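# Chain and residue survey
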Amino acid sequence: MFRLGGSRSRCRRRARRCPGAGSRWSWPSRARRSRPPGARRRAHRSRVSTRTVAITADSLRITTFSVLVFATTGSPLLSALAFGIGFLPQLFGSLLLGSLADRLPPRALIAGGYALECAAALLLALVRMPIAASLGVVALVALATPVFSGASSRLVAQWLAGDAYVLGRSLNNVAASGAQLSGLALGGAAVAALGPHWALAVSAALYLGCTLAILIRLPRQQPDAFGGTPGSARGDGEAVRASLHGAGLLLRGRTVRRLILAQWIPPAFVAGAEGMIVAYAGGHRFAPGWYAVLMGCLPVGMLVGDLLVGRLLRPPTRERLVVPLAALMGLPLGGFAAEPGVGVSSCLLLLSGFGFAYGLGLQRLFLDALPQDRQGQAFGLLGSGSMTLQGLGPACFGTVAAGTGAGGAIALAGGAAALTAGWILTWHPPTSPVPVPNHSTGSETGTEQHA
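In this report, the structure presented in the accompanying data block is examined.

## Quick look at the overall build of the protein chain
- Scanning the protein chain from N- to C-terminus turns up 21 helices and zero strands.
- Going through the 451 residues of the protein chain one by one, you find that 53% of them count as buried.
- Contacts in the protein chain between residues far apart in sequence, at least 24 positions, make up 83% of those at least 6 positions apart.
- Entry remark: accessible area of the protein chain is about 19200 Å², with carbon and sulfur atoms responsible for 67%.

Shown next, in the form of structure tokens:
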């Protein structure tokens, strides 16, 4: 493994001798040249650790808010809506505001996002609002989320090059899986010990800590380092027009569109299956608490998959395994058609979670396909569309479960995910990675845009 250090001129000479997206020593952007490797690593670690705490706060807030709504109304529908309301509006926010991720300083955007989350959690904790108003607060925050997450993801692309970028994304996924598990555990303990309102206050405190950490530990960037220009975000109408135009350009490119859909659709089907776990456990009269064990199997499988695939396999191998791993997400879920017990169900969910590592084989291809001046918007669009579809998945397969039962709905969701792997196979054969045009310094070609 290379050690990032030594003479910068020597690094540049190596980069010129070994061009290409896979070179660990490439320096494709001015933002990456502006700070030494050690500073970039420290800043990246700070961003990852802060994001991990924020995801823990997200899980705590989402589950606690859902519990609060159910305790107030007794309505399973409103409780489910409270759980998903933070996901559903994100795609619209990305389409309308996503360009701001490339036009404003990322440090200010990320800190502002955590501060907004903190304010929303405090409002839910301290103010007794009608349910509709509470849902509206969470939805408004969700509209702005793609801007903050897009800016954060763009920093990763600026700081890390080649396979280091893929490993950085793997670290993000591992941290996110662990944070989700921690948030679920903390949420249950906090609600039991403090009640839902004080548990929401705990999540607000975590968001506040993330805000301060970003302001203190994340370096300030110059406008030319993040692609913005003074006054580039003036006017809401201009931001909306630029966001819609940029999203259209990204989705018109066949390569980018395929890679986005390949990362949107399989997780959405698996999320639909995940939404049936509580109903499946209840219908089979599993012992109390086993539903939480089953729900934890997916993130545990994801964590193990990202560790093994991200750390042990070379980049070409990861890219060849995209289709088999994507199929692994769905095929084990077909076993729920046999109505298995707790042990077998846990194993099936662990295998499905392991398959999520397929996304690591698409990370470099996706980054190389993006124009540099739209990376933030592209990452925001990728994340927001995925979250929106994952919010819709449980609702769709919940409707299916009314006719097939929870086990049948989970099996159908798995079959749909496996079919998506077949679609990926039509343009990403496992024998060789898909050649992707490198747009790191420019926009897409006319041929690509109209393909």
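## Looking at the nonpolar core
- Counting residues in hydrophobic clusters, the biggest one holds 76 residues, and the most contacted among them are Tyr165, Leu349 and Phe366.
- Among the elements that line this core, the one with the most residues is helix α20 (residues 375-427), at 14 residues.
- Apart from the residues lying within four places of it in its own chain, the contact partners of Tyr165 are Val156, Ala157, Leu160, Gln363, Leu367 and Phe379.

## As for helix α19 (residues 360-369)
- The element α19 is extensively covered by neighbouring structure, given that nine of its 10 residues are classed as buried.
- By the burial criterion, the buried members of α19 are Leu360, Gly361, Leu362, Gln363, Leu365, Phe366, Leu367, Asp368 and Ala369.

## Things to note about the packing of helix α13 (residues 254-274) against α20
- It is the contact of α13 with α20, at a shortest axis distance of 2 Å, that shows an interaxial angle of 160°. With respect to their mutual orientation, α13 and α20 come out roughly antiparallel. Where α13 crosses over α20, the two elements pack in a sense that is left-handed.
- Partitioning the contact of α13 with α20 into residue classes produces 25 nonpolar, seven polar and one charged.

## Quick look at a nonpolar patch on the surface
- Together, Val300, Val304, Leu307, Leu308, Leu312 and Leu350 line one region of the surface with nonpolar side chains, adding up to about 470 Å² of accessible area.
- When residues of the nonpolar patch are assigned to their parent elements, the largest contribution, five residues, is made by helix α15 (residues 290-312).
- Within the secondary structure, Leu350 sits in helix α18 (residues 342-354).

## A few points about the pattern of salt bridges
- Counting across every chain of the model gives four salt bridges.
- Of the charged contacts, one joins Arg51 and Asp58 as a salt bridge, the two residues approaching to 3.9 Å between their closest N and O atoms.
- Take Arg51: its relative accessible area is 31%, and that puts it in the partly exposed class.
- We classify Asp58 as buried; its relative accessible area is 16%.
- What emerges from the salt-bridge pattern is a single network uniting Glu319, Arg364 and Asp368.

## Describing the environment of Glu339
- Among the secondary structure elements, Glu339 is positioned in the loop between α17 (322-330) and α18.
- On a C-alpha basis, the gap between Glu339 and Gly408 in space is 8.3 Å, while along the polypeptide they are 69 residues apart.
- Not counting residues up to four positions away in its chain, the partners in contact with Glu339 are Tyr280, His284, Gly407 and Gly408.
- Of note is the side chain of Glu339, whose polar atom sits 2.7 Å from the side chain of His284.

## Brief notes about the packing of aromatic side chains
- Taken as a whole and judged by the stated rule, the model has five aromatic pairs.
- A ring pair is formed by Phe366 and Phe379, whose centres lie 6.0 Å apart and whose planes are at 65°; its orientation type is edge-to-face. With Phe366 in helix α19 and Phe379 in helix α20, the pair connects residues that are 13 residues apart, well separated along the chain. Each member of the pair Phe366 and Phe379 is classed as buried.
- Measuring from centroid to centroid gives 5.5 Å for Trp423 and Trp427, while their planes differ by 70°, and the two rings are edge-to-face. Within this pair, Trp423 and its partner Trp427 are both found in helix α20, separated by four residues, close to a single helical turn.

## Brief notes about the packing of α13 against α19
- Where α13 meets α19, the closest approach of the two axes is 9 Å, and the angle between their N-to-C directions is 145°. The chirality of how α13 crosses α19 is left-handed. Between α13 and α19, the residues in contact are Thr255, Val256, Leu259, Ile260, Ala262 and Gln263 and Leu362, Gln363, Leu365, Phe366 and Ala369, respectively.
- For the contact of α13 with α19, the residue count by class is eight nonpolar, three polar and no charged.

## Thoughts on the side chain of Glu117
- Secondary-structure assignment places Glu117 in helix α7 (residues 106-126).
- Note on Glu117: relative accessible area 10%, which makes it buried.

## Details of unusual backbone geometry
- Look at Arg285: it is not a glycine, yet its phi comes out positive at around 55°.
- As for its placement among the helices and strands, Arg285 is situated in the loop between α14 (277-283) and α15.
- Backbone geometry at Glu339 places phi at a positive 55°, although glycine is not the residue there.

## Observations regarding α15
- For α15, built from 23 residues, the straight-helix expectation of 33 Å at 1.5 Å per residue is met to within 8% by its first-to-last C-alpha distance of 32 Å.
- At Cys297, α15 shows its maximal kink, close to 25°; a proline, Pro299, follows between one and four residues later.
- The complete set of buried residues in α15 reads Leu294, Gly296, Cys297, Leu298, Pro299, Gly301, Met302, Gly305, Asp306, Val309 and Gly310.

## Remarks on the environment of Ala142
- Take Ala142: it is sitting in helix α8 (residues 131-159).
- Judged by relative accessible area, Ala142 falls into the buried class, the value being 2%.
- Between the alpha carbons of Ala142 and Phe92 there is a distance of 9.4 Å; along the sequence they are 50 residues apart.
- With residues up to four places along the chain from it excluded, the contact list for Ala142 reads Ile85, Gly86, Pro89 and Gln90.

What counts as what
Residues numbered from 1 in each chain as written. Predicted model: local features only at pLDDT ≥ 70, side-chain atom pairs only at ≥ 80, totals over all residues. Heavy atoms only, no water. Helix = DSSP H or I, 4+ residues; strand = E, 2+ residues; numbered from the N terminus. Buried < 20%, exposed > 50% of the residue type's maximum accessible area, 1.4 Å probe, protein only. Contact = heavy atoms within 4.5 Å. Areas by Shrake-Rupley, 256 points an atom, 1.4 Å probe, with all protein chains shown as cover. Core = buried A, V, L, I, M, F, W, Y, C linked by side-chain atoms within 4.5 Å. Axes fitted to C-alpha atoms, helices over the stretch in contact; angles between N-to-C directions. Parallel < 35°, antiparallel > 145°, perpendicular 65-115°, else oblique. Left-handed = near helix turned anticlockwise from the far one by under 90°. Nonpolar A, V, L, I, M, F, W, Y, C, P; charged D, E, K, R; others polar. Patch = residues over 30% accessible without salt bridge, like charges linked within 9 Å, V, L, I, M, F, W, Y side chains within 5 Å. Salt bridge = Lys/Arg side-chain N within 4 Å of Asp/Glu carboxyl O. Polar contact = N/O pair within 3.5 Å; in protein donor to acceptor, adjacent residues only side chain to side chain. Phe/Tyr/Trp six-rings, centres within 6.5 Å; stacked < 30°, edge-to-face > 60°. Expected span 1.5 Å × (residues − 1). Bend = angle between axes of the 7 residues up to and from the residue.

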